[in-house]
Structures are given as structure tokens and as C-alpha cells.
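Commentary on secondary and tertiary structure
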Amino acid sequence: MKKNFKYIFALVVMGATFFACNNDEDYSLGDLDAPTNLVITTEIVGQDVNNPEGDGSGDVKITITADNALSYKVDYDADNAVDLVYLPTGKVTKKYTTLGVNTYRITAVAYGKGGSSTVITKDITVRSDFNVNPQIVTDLTNNASKTWMVDKSVPGHFGVGPWIGCVTPCWWAAAIDEKVNCCNCFYTSRFTFTKTVSNTYTLDVSTPDGAFTKTGSLASIPGIPASGDEGCYPYAGGSSSFSFVPSSTGIDASTPSTQTSILLSGTTTFIGYGSLQKEYEIMVLDGNYMYLRVQGTETGNSWYLKLKPAP
């Protein structure tokens, strides 16, 4: 009996050793060399001998390539706050919107196996000629400073639909006061738009009860937990510049829209909901009502916000 036990024990040990050896082979990471030959290629739309900074649209076609790269991120202006954006295909058309002729430093990061990475920068000089309708500036800022808040008293003050194929919150729209019980910070946050004496613009965000947002990679503002339900999270607020740009959403003129967007810079500000991209198309705006459409951090979604002046 003892001999049989020893024999069985020996077989178990041999089997475990064999399994462990096989596992070592299965989990080998292999070569972890960082991507090589990283290149940023840019085409400034309308650039020619007579227009070296482009045609004034501010559009630049950007292509990032590298050997052995699995994914890319890009910062469109490293001289401003660093804001790396995931770029799965390595291709994008970026609209630069600061008026006049300006130089921007593009930073690209290529990621390889095991999180290895390579970084490169490139400077470009681009001209932007966009002039916003003065009435939009007046309605938004009162030509000085004006504070707005989400209007919980109207249906559809918050909603969502597909980014392509629908220009209304055709998936879901909030009822009056819908988020009061779960997420009242949505209604107590304040967004102050200011026109400065030098004709530039700033946004100040105040969140006394926290920011209403999703968590993790879906949050567009820093300091939000890596996981958790949609809700209110501590956030100190923030301030950043913003600019008015031609809408890039592709909505045609037959749809009610001003064809103008508010474009936030940096990562510290948002409007209404903290899981959104930085370009907010102004669908409707007068002195007492603002209706915005913006792409979500889940990029297949478009979100809708209705705001009113804060008392």
C-alpha cells in the first residue's frame, strides 16, 4: 500500500511539473521592443505658395505611423495643457480654431507590446479665420460674464441618441427633475462664460456638490474614480479658455443649429455632464435658453443638454 501511495504521489508531482513548464511557455511575453520609425505626417488644408498656413479653415489632416505599433494617442497642442486622445486608426482631421496665424506642437505616442511606447513631436503653423456671430457672444456671455445651469424644470434637459443618424435624443430623454434623487449635483453645478477685455473667452466651472459623470476612461475630467456607477463625484471645479468654432458635427443647415460650437481647451472644464468630448454644438441659443449637442466619450453617442441662466 505504501509503495502504491509513493507511486501515485510521484506521478502527481511529475504532472504538476509538466503543467508548470507548459504554463511558462504559454505566458511568455516575447519581444517587448518599443515601436520604431514613428512619423507624424500633416496636410494643412488649402496650403499653397500663396497660403503657406492654409486656407483659413484651420483644418489639418494628421496621420501617425510606426512599425510594430498597436495603438496611438495624440496631443494636438503640447504647449497647452497635455490632453492625449486615443486615435485608433492613427488618422484624423483636426480643426485648429485660435484666430489668426498660430503655431501648435503635436505630440504623438505609439504603443507596442507590454505597454512599451515611443514619443515624437512636430510643430505646425495654421491660420484660422472664423468669426463668430456677435449675437451668440452676447447671448452666451452678456458681453462680460454670464452663469448658466442645467434646467431641470423642462423635459429633455438631458438626453442621448446615436451620433450618426439622429439629431434628437431619440434613445432617451430625461423627465422633469429626473436626476434629483440620484445625482442632484447635476443641477447645482454652475458654468460661467466670460468674454475678456482682449476678446478671448474663459469658462469657470463650480461644482459644490461634485461633478455628474461616469467613471474611469469614460470621464473627461481628471480625478474621477477608475470604477463605479454614474453619479456625483468630488471635483474641485476648474477654469479654462474656450473658443467658438464652426461645427464639425456634419449636421446640415436644414436642422435647427447655429452651425457654431463651443470648444473647450485642456481637461479641467466641462458643461453639464463630465463624460463628454470638448466640442459642444450650439443648437439653439438666446438670452434665456441654450440647447447643446455633444459627442460622448462613448463616441457612438450624442448627448443633449438644456441650460438656463442661473439666478
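A short tour of the structure in this document, coming up. These numbers were taken from a predicted model, which means no experiment stands behind them. (Residues numbered from 1 in each chain as written. Predicted model: local features only at pLDDT ≥ 70, side-chain atom pairs only at ≥ 80, totals over all residues. Heavy atoms only, no water.)

Sheet architecture is open: 4 strands sit in the order β4-β3-β6-β7, paired in antiparallel fashion. The open sheet has two edge strands, β4 (85-86) and β7 (117-128), and neither has a second partner. (Pairing = 2+ DSSP bridges. Helix = DSSP H or I, 4+ residues; strand = E, 2+ residues; numbered from the N terminus.)

Mapped onto the secondary structure, Lys-306 falls in strand β19 (residues 301-309). In this structure Lys-306 touches Met-149, Val-150, Asp-151, Val-154, Pro-155, Gly-156, His-157, Tyr-289, Met-290 and Tyr-291, once residues within four positions along its chain are discounted. (Contact = heavy atoms within 4.5 Å.)

Spatial strand order, β1-β2-β5: 3 strands in an open sheet with antiparallel pairing. With partners counted over all chains shown, the strands left at the sheet margins are β1 (36-44) and β5 (91-95), one partner each. Going across the sheet, the axis of each strand differs from the next one's by a mean of 20°, ignoring polarity. Where β1 lies against strand β2 (residues 59-67), 7 bridges are found, and the strand directions are antiparallel. Its bridge partner lying in β2, Thr-36 is registered against Asp-67. (Axes fitted to C-alpha atoms, helices over the stretch in contact; angles between N-to-C directions.)

Moving on, we get to the packing of aromatic side chains. Within the structure shown, the criterion is met by 18 aromatic pairs. With a centroid separation of 5.7 Å and 90° between ring planes, the pair formed by Phe-158 and Trp-172 is classed as edge-to-face. Residue Phe-158 is found in strand β9 (residues 158-162), and its partner Trp-172 is found in strand β10 (residues 172-173); the two are separated by 14 residues along the sequence. On the accessibility criterion, Phe-158 (1% relative accessible area) is buried. Residues Phe-242 and Phe-244 carry aromatic rings whose centres are separated by 5.5 Å and whose planes lie at 80° to one another, so their mutual orientation is edge-to-face. There is no split in this pair, since Phe-242 and Phe-244 are both buried. Of the aromatic side chains, those joined through ring pairs into one cluster are Phe-158, Trp-172, Phe-186, Tyr-187, Phe-212, Tyr-273 and Trp-303. Stacked on the ring of Trp-163, the Lys or Arg Arg-293 has its end atom at 4.4 Å from the ring centre. Positioned above the aromatic ring of Tyr-291 is the side chain of Lys-306, whose terminal nitrogen or guanidinium carbon lies 5.6 Å from the ring centre. (Phe/Tyr/Trp six-rings, centres within 6.5 Å; stacked < 30°, edge-to-face > 60°. Buried < 20%, exposed > 50% of the residue type's maximum accessible area, 1.4 Å probe, protein only. Lys NZ or Arg CZ within 6 Å of the ring centre and 35° of its normal.)

Its identity as a non-glycine residue notwithstanding, Asn-142 has a phi of 60°, on the positive side. Take Asn-142: it is sitting in the loop between α2 (134-141) and β8 (145-150). Residue Gln-259 is not a glycine yet carries a positive backbone phi of 60°. With respect to the helices and strands, the residue Gln-259 is situated in the loop between β15 (238-246) and β16 (260-264).

Per the stated rule, a full pass over the model turns up 6 salt bridges. Between Asp-129 and Arg-127 there is a salt bridge whose closest N-O contact spans 2.9 Å. By relative accessible area, which is 38% here, Asp-129 ends up partly exposed. A salt bridge links Lys-214 to Glu-298; the nearest nitrogen and oxygen atoms lie 2.4 Å apart. Of this pair, Lys-214 sits in the loop between β13 (211-213) and β14 (231-233) while Glu-298 sits in the loop between β18 (289-296) and β19, and the two are 84 residues apart along the sequence. A relative accessible area of 17% places Lys-214 in the buried class. (Salt bridge = Lys/Arg side-chain N within 4 Å of Asp/Glu carboxyl O.)

That is the geometry; function is a separate question.
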